[in-house]
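# A structural walkthrough
Below are the chains, spelled out letter by letter.
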Amino acid sequence: MYENFKYIVPAIEKEINGNVLSGAEIAVIHKGETVFKKNIGMADKENAIPMTDDTIFRLFSMTKPVTAVAAMILIERGMLDFNDQLKWYLPTFENPMVLDENGERPAERDITIRDLLSMTSGISYPDGHPSGQAVGALWGMQSENYLKGGKLLNTKEFALEMGKKPLAFTPGEKWMYGASADIMGAVIEVVSGMTLGEFFDKEIFTPLGMNDTGFYIPEEKYSRLAQAYEYADGGIRPFTHFHLCLTDYRKPPAFESGGAGLVSTLNDYSKFVKMLMNKGEYNGKRILGRKTVELMTKNYLNEQQLKSVDWDSMKGYGYGSFMRVHQNVTESGLCGSEGQFGWDGWMGCYFAIDPVEDMAMLYFIQLAGSGCTRTVKTLYNMIWSSLD
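For every chain, the first residue of the written sequence is number 1, and numbering continues from 1 along that sequence. Local features in this predicted model are restricted to residues whose pLDDT is 70 or higher, and side-chain atom pairs enter the listing and the counts only when it is 80 or higher, whereas totals over whole chains, interfaces and linings include all residues. Hydrogens and waters are ignored; side-chain quantities use all the structure's heavy atoms.

### Focus: the packing of helix H2 (residues 64-76) against helix H7 (residues 196-208)
Angles shown run from 0 to 180 degrees and are taken between the N-to-C directions of axes, each axis being a line fitted to C-alpha atoms and, for helices, limited to the stretch in contact. Starting at the N terminus, helices and strands are each numbered in turn, a helix being any DSSP run of H or I of at least four residues and a strand any DSSP run of E of at least two. Relative to each other, H2 and H7 sit at 90°, their axes nearing to 11 Å. As far as their axial angle goes, H7 and H2 are roughly perpendicular. In this structure, H2 contributes Val66, Thr67, Val69, Ala70, Ile73 and Leu74 to the contact, and H7 contributes Phe199, Phe200, Glu203, Ile204 and Phe205. Any residue outside Ala, Val, Leu, Ile, Met, Phe, Trp, Tyr, Cys, Pro, Asp, Glu, Lys and Arg is labelled polar, Gly included; the first ten of those are nonpolar and the last four are charged. Each residue belonging to the contact of H2 with H7 can be placed in one class, and the counts come to nine nonpolar, one polar and one charged. Comment on the angle field: the value is read as roughly parallel under 35 degrees, roughly antiparallel over 145, roughly perpendicular from 65 to 115, and oblique elsewhere. Whether two residues touch is decided by their heavy atoms; if any such pair falls within 4.5 Å, the residues are in contact.

### A short note on the pattern of salt bridges
Side-chain pairs of opposite charge can arise whenever the charged atoms involved come near each other. One speaks of a salt bridge when a side-chain nitrogen belonging to Lys or Arg is within 4 Å of a carboxyl oxygen belonging to Asp or Glu. Counted by the stated rule, this structure contains 21 salt bridges. Linking Glu3 and Lys6 is a salt bridge whose minimum nitrogen-to-oxygen distance equals 2.8 Å. Of the charged contacts in the structure, one is a salt bridge between Lys291 and Glu294, with a shortest N-O distance of 2.6 Å. One end of the pair, Lys291, and the other, Glu294, are both in helix H9 (residues 290-296), three residues apart, so they sit about a helical turn from each other. Per-residue accessibility, obtained with a 1.4 Å probe over protein chains only, is compared with the maximum for each type, and a residue is labelled buried under 20%, exposed over 50%, and partly exposed between these values. Owing to a relative accessible area of 52%, Lys291 belongs among the exposed residues under this scheme. Residue Glu294 is classed as partly exposed on the basis of its relative accessible area, which comes to 21%. Where salt bridges share partners, they join Asp54, Asp212, Lys221 and Arg224 into one cluster.

### Quick word on the environment of Asp81
Residue placement: Asp81 occurs in the loop between H2 and strand S5 (97-100). Residues Asp81 and Tyr231, 150 residues apart in the sequence, show an inter-C-alpha distance of 42 Å.

### A short note on helix H4 (residues 130-148)
A helix is expected to span 1.5 Å multiplied by its residue count minus one. Taking 1.5 Å per residue, 19 residues should reach 27 Å; H4 reaches 28 Å between its end C-alpha atoms and fits that length. The sharpest bend along H4 measures roughly 30° and falls at Gly136. Buried within H4 are the following residues: Ser131, Gly132, Val135, Leu138, Trp139, Gln142 and Ser143. Bending is quantified residue by residue as the angle between axes fitted to the seven-residue window ending at that residue and the seven-residue window starting at it.

### A few points about the sheet that holds strand S2 (residues 33-44)
Strand pairing is assigned whenever DSSP detects at least two bridges linking the two strands. Read from one edge to the other, the open sheet built from eight strands follows the order S3-S2-S1-S16-S15-S14-S13-S12, with strand pairing classed as antiparallel. Unpaired on one side and paired on the other, strand S3 (49-50) and strand S12 (317-320) mark the two borders of the sheet. Relative to strand S16 (residues 359-364), helix H12 (residues 374-384) is tilted by about 150°, and along the sheet it contacts strand S1 (23-30), strand S15 (350-354) and S16.

### Quick look at the packing of aromatic side chains
Pairs were defined over the aromatic rings of Phe, Tyr and Trp, the Trp ring being its six-membered one, requiring ring centres within 6.5 Å. Orientation was assigned from the angle between planes: stacked under 30 degrees, edge-to-face over 60, tilted for the rest. Enumeration according to the criterion identifies 24 aromatic pairs in this entry. Here Trp139 and Phe255 contribute two aromatic rings whose centre-to-centre distance is 6.3 Å and whose plane-to-plane angle is 75°, an arrangement assigned as edge-to-face. Remark: Phe255 occurs in the loop between strand S8 (235-238) and strand S9 (263-264) and Trp139 occurs in helix H4; sequence separation between them is 116 residues. For the pair formed by Trp139 and Phe255, the shared burial category is buried. An angle of 65° between the planes, with centres 5.5 Å apart, marks the rings of Trp175 and Tyr319 as edge-to-face. Of this pair, Trp175 sits in the loop between helix H5 (155-162) and helix H6 (180-192) while Tyr319 sits in strand S12, placing them 144 residues apart in sequence. As far as burial versus exposure is concerned, Trp175 and Tyr319 are alike and both buried. For a ring to carry a charge above it, either NZ of a lysine or CZ of an arginine must fall within 6 Å of the ring centroid while also lying within 35 degrees of the normal to the ring plane. Stacked on the ring of Tyr222, the Lys or Arg Arg250 has its end atom at 3.8 Å from the ring centre. Sitting over the face of the ring of Tyr317, Arg324 holds its NZ or CZ atom 5.7 Å from the ring centroid.

Treat this as a map of the structure, not an account of what it does.
Below, the structure is given as structure tokens:
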């Protein structure tokens, strides 16, 4: 068993030697044990700082599954329900409008919590879509105020402003990746009476011992943050911009982004992954019930909604609770099992959990605009093809 693991490090070193990456960390968990883990290359190429077990990474969208778990905790306690209407918690989302290439008009129904968790809400990220352009001004204003030292909207304030912006389509009509997890973060704050960071710490991070995970990095740990890179002109160079209203992580942010704001280490996130693999429990601490984990790792999309899941990285997958869910092995070209689930982030952090084989993979890099790349799929097939 694990014969093909010998190909993992050479594949990553090829990327590093080709100036595509500065470094990476990878781990494989099988039947509750970490059976493979390597730190390869540099966390900071310019300053010759190697990848280590305590290197801190920007998770970006790998924040979303944490937000999903937080929502499920509230659902378990009867404080939230899949069919609750978003406007009950954030009143600016009442009577939503739709803006697309055909102009502006009233949406046919309100947004539900289910719509948020399945990314069928119609809530856009700032992009080229007409509604994405409409919300882009808000995201841009927040980033500009940060750079100029101006007043920043907090998580709830930001969500309430988003509620004044038009949707890309009537809720439930289709799937579209957007800011639903950020809005869910604000719902969690309203329902729990805590900030999102406080809720995460109390209900997830402290019980799991995730001591290096949060929305900011204390000064004594800041030197452990990996350098971010972007690929340009045939190689990598430091990435110094701020994306999706995120800051430099030096102090607690006003806007705690449930969609992209967390930092963590691979070791910390492995604890979160092991909790999901073990049906909601890790190291004697239960975060979720077994049936809740089974629910949140199902595909939520109906046949019509699945037609709009058109990313290359989503071929053969459905979606639910801010994660992809493997539906069709031959379509995806991945040799794992149907029912495998996980997600990735804009800076290249990735995880996948296969409940059938009790196997998981984590791959952490810091390269802007990466995520579920060809390399990730190659490593995935190396790992799963090693099973007897």
